[in-house]
Amino acid sequence: MPLDPQVEQMRAKREADNVPQLYTQTLAEARAADLASIQAGGGAVEPVHSVRELVMEESGLTLRVYRPVGDGPLPTLVYFFGGGWTLGSIETADGVCRRLANLVPCQVITVGYRLAPENPFPAAVNDCHRATQWIAAHAVELGVDVARLAVGGDSAGGNLAAATTLLARDSGPSLAAQLLIYPNTLYGSDTASMRAGDDPFLFNRTSVNWYWKHYLRDESDGTNPLASPLLAPSHAGLPPALVITAEYDPLRDEGEYYAEKLYAAGVPTELTRYDGMTHGFYTMSGILDTARQALLDSATWLRKTFTNA
């Protein structure tokens, strides 16, 4: 189908305003522009029962904890923000974390992992896995129900969530679910959706290559399953997955291939493609009806999966 009318309107405004692509800016400019764009698209800040920040003693990483109304241990989603491992922060995930905390409802903890190129692969993967282990180990003080602990993220955050499940399968903690929102799963992919992704006013294949260039120390790192989860020798034993893709996203095909890999390995997997959407739509609930629906669909799936855990 064609671009969703709301997406088309957004794209037309970018073209009329000649908004520069992030990959044409300095890192500082791109990080500021990315945050401003996500906050504008996310709409009004949604209240949550409680929000607090804490610092992991060993690593110095910051965690932000969103907690809905409810006493005792709660199902918990550990969320990794997007931004191509290069942009993004706890702040860019704030809107999504607030909405999921209220919609599921569940506790959501987002992780301030280190960014590339200052800290290239595998720094972010290690940070996300260690944070997930730390959260499980401190379940009592954080109010986490360890039997209902999940990971998730959008874009590069989805990549990090997938990589974290691979590490957790072998060294813990036990995970109940993974929410993968248009994840990167294969370095150097040459899929149909990647080849078609050349719109200068949308996230495109140049964007993808720019992020990978910052993230990897060397091209050879791209063959590591923790960078390219699609290349993992086995996907058996991973937690149930919801994979979300967007029709007009260069990463669409590799996300859907990953869902197929999980399903073939016996992992309970659901795949939802949102037609007419582009990469990044999930964070735009302030301006896109489909983003609000995708958040609701994610919350429904998480609630069901937590119940069955």
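Further up the page is the structure itself.
Residues numbered from 1 in each chain as written. Predicted model: local features only at pLDDT ≥ 70, side-chain atom pairs only at ≥ 80, totals over all residues. Heavy atoms only, no water.

Chemist: Report on the overall build of the protein, specifying residues and quantitative values.
Modeler: When helices and strands are counted, the protein shows ten helices and eight strands. In terms of overall dimensions, the protein is globule-like: its C-alpha atoms have a radius of gyration of 18 Å, near the 19 Å expected for 309 residues. Based on the C-alpha atoms only, the size of the protein along its principal axes is roughly 50 × 40 × 35 Å. Within the protein, the fraction of its 309 residues that count as buried is 58%. Looking at the protein alone, contacts between residues at least 24 apart form 78% of all its contacts between residues at least 6 apart. When the accessible area of the protein is evaluated, it comes to approximately 12400 Å², of which 53% is carbon and sulfur surface. The distance from the centre of the 23 positive side-chain charges to the centre of the 35 negative ones in the protein is 2 Å. (Helix = DSSP H or I, 4+ residues; strand = E, 2+ residues; numbered from the N terminus. Rg over C-alpha atoms; globule rule 2.2 N^0.38 Å. Buried < 20%, exposed > 50% of the residue type's maximum accessible area, 1.4 Å probe, protein only. Contact = heavy atoms within 4.5 Å. Areas by Shrake-Rupley, 256 points an atom, 1.4 Å probe, with all protein chains shown as cover. Lys, Arg positive; Asp, Glu negative; His and termini not counted. Charge placed at Lys NZ, Arg CZ, Asp CG, Glu CD.)

Chemist: Explain the packing of aromatic side chains residue by residue, including any values.
Modeler: Scanning the entire structure with this criterion turns up eleven aromatic pairs. Ring plane angle 10° and centroid distance 4.1 Å describe the contact between Phe81 and Tyr113, whose orientation is recorded as stacked. Linking Phe81 in the loop between strand S3 (74-80) and helix H3 (94-103) with Tyr113 in the loop between strand S4 (107-111) and helix H4 (123-137), this pair joins segments that are 32 residues apart in sequence. Tyr113 shares its class with Phe81; the two are buried. In this structure an aromatic cluster arises from ring pairing among Trp85, Phe121, Tyr187, Trp212 and Tyr215. (Phe/Tyr/Trp six-rings, centres within 6.5 Å; stacked < 30°, edge-to-face > 60°.)

Chemist: Break down the pairing of strand S7 (residues 241-248) for me, citing the residues and quoting the values.
Modeler: In terms of burial, S7 is a largely internal element, seven of the eight residues being buried. Here S7 runs beside strand S8 (residues 269-278); their pairing, made up of seven bridges, is parallel. Looking at the pairing, Tyr248 lines up with Thr278 of S8. (Pairing = 2+ DSSP bridges.)

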